[in-house]
Each structure stands twice: as C-alpha cells, then as structure tokens.
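# Structure at a glance
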Amino acid sequence: MSVMEFDELKKIWDNQNNQIMYAIDEAALHRRIRAKRDHARLVTNVNEIGLLVVAVATGIILLIIGKGTFFTYLSVGAIWMVGLYVLWGRIQRQKRSKHFEQSMLGDLEEAISNIDNEIKRARTFVWWFLVPALLPALLNIAQAGGPWWKWLIIPVAVILSVPLVQWEMRRKHIPRRKHLEKLREKLLQNPADQLQV
C-alpha cells in the first residue's frame, strides 16, 4: 500500500464542528494490511514448499539414475539435508507467527517478518543451498567420470541461480519491506491503530 493509498483510506469529518480533520478508516486499512500479510505468507509458503519438493524429488531422481556409489548417496544426503533445513526453518517461522498480535500492527509485523525470512534466505542462498548441494554433485561427477556436458551444466546453473535469487531479493522483497516499514511508521504515529480486532 503506497502513501497515496493510505491517504485515500481517510474519511473527511465535519470541519465546521471543530472535530478532527480526518480519521483513518480502520476496517478498510486493516483489510489492506491483512491482504499484504496474506500475500507475504503465500510467497513464503510457496517458496518453502517448492524447495522441499525440489529437495525430495532431486534426491529420489539421484537414487534412481545414480550408480549407487558412496558419492551418489552423499549427494542425496546433502540435498535432503537442505530439505530438512528448509523444513526446520518453516516450522520455526510458523511458531513465530503465532506470537503476533491480532491487530493491524501485529498483522503488519507478521508480513514484515515473512519478508525478512525471504530476504535472509536469499542472502544466505549460496551457503545453505548451493555449497551443500554442489560439492557432493561435483565429487559424484568426478568419481563417475561424467561427460563434459555435466561439467558445463552445473557451473551454468550456479551462474544463473545466484543472480536470479539476488535479483528477486533486490527487486521484490526489499522494496516490499521498505513499503511496509513506511506504513508501520504511519500506523505508529496514529494512536487509533492500536485497536485490537
């Protein structure tokens, strides 16, 4: 929600009675904040579930097409450990989400927390995903004497994935977070926002 949208949610009151010039339409504002919270939840859920599916499916595919060597099992173990790491992070995030107040500010804080989760995941992508998955895969290819095209695919995948993840963080998650922080500042300036719903 932009500052313009925020201002559009204001109701003009009767100026002749020396009442407050404007007040926030709390119900409309809260619906907008809930929509932003729900969108942030959806993005995080899709990313987490997608990563879990990729980890499980990749491990199964490696078991099927692999040669049953130590390095094949090492690759499967590494990718499934990545999946467990994502699952653990998901469980922790869901526990944290239960502690947010059922208010406009609480819903906004939850949306910011979910976006922070995505930013952290993007910033640490190389360490929690690429390194654990890449090293065993390279060892597996080296041990099996893989063809040249396998040696080409892995670096190309890495070269493409890192900027893509960073682009998503810079173009989507960080601007969305800044936008929600501005809205939080506006809410904190208005004592009416503390209404519980």
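Residues numbered from 1 in each chain as written. Predicted model: local features only at pLDDT ≥ 70, side-chain atom pairs only at ≥ 80, totals over all residues. Heavy atoms only, no water.

Turning our attention to the overall build of the protein. For the protein, the helix and strand inventory stands at six helices and two strands. Each helix (α) and strand (β) of the protein, taken in turn from the N terminus, gives the series α-β-β-α-α-α-α-α. Counting the 197 residues in the protein, one finds 33% classified as buried. When the accessible surface of the protein is split by element, carbon and sulfur atoms take 65% of a total near 12,200 Å². (Helix = DSSP H or I, 4+ residues; strand = E, 2+ residues; numbered from the N terminus. Buried < 20%, exposed > 50% of the residue type's maximum accessible area, 1.4 Å probe, protein only. Areas by Shrake-Rupley, 256 points an atom, 1.4 Å probe, with all protein chains shown as cover.)

Moving on: the pattern of salt bridges. Counted under the stated rule, the structure contains 12 salt bridges. With its nearest N and O atoms 4.0 Å apart, the salt bridge here joins Asp107 to Arg34. Linking Asp107 in helix α4 (residues 104-123) with Arg34 in helix α2 (residues 26-65), this pair joins segments that are 73 residues apart in sequence. Relative accessible area serves as the criterion here: at 2%, Asp107 is assigned to the buried category. A salt bridge links Arg41 to Glu110; the shortest N-O distance between them is 2.7 Å. Placement of Arg41 in helix α2 and of Glu110 in helix α4 is noted, with a sequence separation of 69 residues between them. Glu110 sits in the buried class, given a relative accessible area of 4%. Residues joined by salt bridges that share partners form a network here, namely Arg34, Arg37, Asp38, Arg41, Asp107 and Glu110. (Salt bridge = Lys/Arg side-chain N within 4 Å of Asp/Glu carboxyl O.)

What follows deals with the environment of Leu52. For Leu52, the position within the fold is in helix α2. Along the chain, Leu52 and Gly83 lie 31 residues apart, while their C-alpha atoms are 5.1 Å from each other. Excluding residues within four positions of it along the chain, Leu52 makes contact with Gly83, Val86, Leu87 and Arg90. (Contact = heavy atoms within 4.5 Å.)

On to α2, then. Counted at 1.5 Å a residue, the expected span for α2 with its 40 residues is 58 Å, and the 57 Å between its end C-alpha atoms agrees. For α2, the complete set of buried residues consists of Ala28, Leu29, His30, Ile33, Arg37, Ala40, Val43, Thr44, Glu48, Leu52, Ala55 and Gly59. (Expected span 1.5 Å × (residues − 1).)

Once that is clear, we can look at the packing of aromatic side chains. A full pass over the atoms with the stated rule returns five aromatic pairs. Note on Phe125 and Phe129: the rings are 5.4 Å apart at their centroids and 15° apart in plane angle, and the pair reads as stacked. Here Phe125 and its partner Phe129 are both found in helix α5 (residues 125-144), four residues apart, which amounts to about one turn of the helix. Ring pairing ties together the aromatic residues Tyr85, Phe125, Trp128 and Phe129, which thus form one cluster. (Phe/Tyr/Trp six-rings, centres within 6.5 Å; stacked < 30°, edge-to-face > 60°.)

Take the packing of helix α3 (residues 70-97) against α5 next. In a packed pair of helices, the relevant descriptors are the angle between the two axes and the axis-to-axis distance. Running from N to C, α3 and α5 cross one another at 170°; their axes reach a closest spacing of 8 Å. Classified by the angle their axes make, α3 and α5 are roughly antiparallel. Taken together, the residues of α5 that come into contact with α3 (itself represented by Phe71, Thr72, Leu74, Ser75, Ala78, Ile79, Val82, Tyr85 and Val86) are Trp128, Phe129, Pro132, Ala133, Pro136, Ala137, Leu139, Asn140 and Gln143. Grouping the amino acids of the contact of α3 with α5 by side-chain chemistry returns 14 nonpolar, four polar and no charged. (Axes fitted to C-alpha atoms, helices over the stretch in contact; angles between N-to-C directions. Parallel < 35°, antiparallel > 145°, perpendicular 65-115°, else oblique. Nonpolar A, V, L, I, M, F, W, Y, C, P; charged D, E, K, R; others polar.)

Read these as geometric descriptors, not functional statements.
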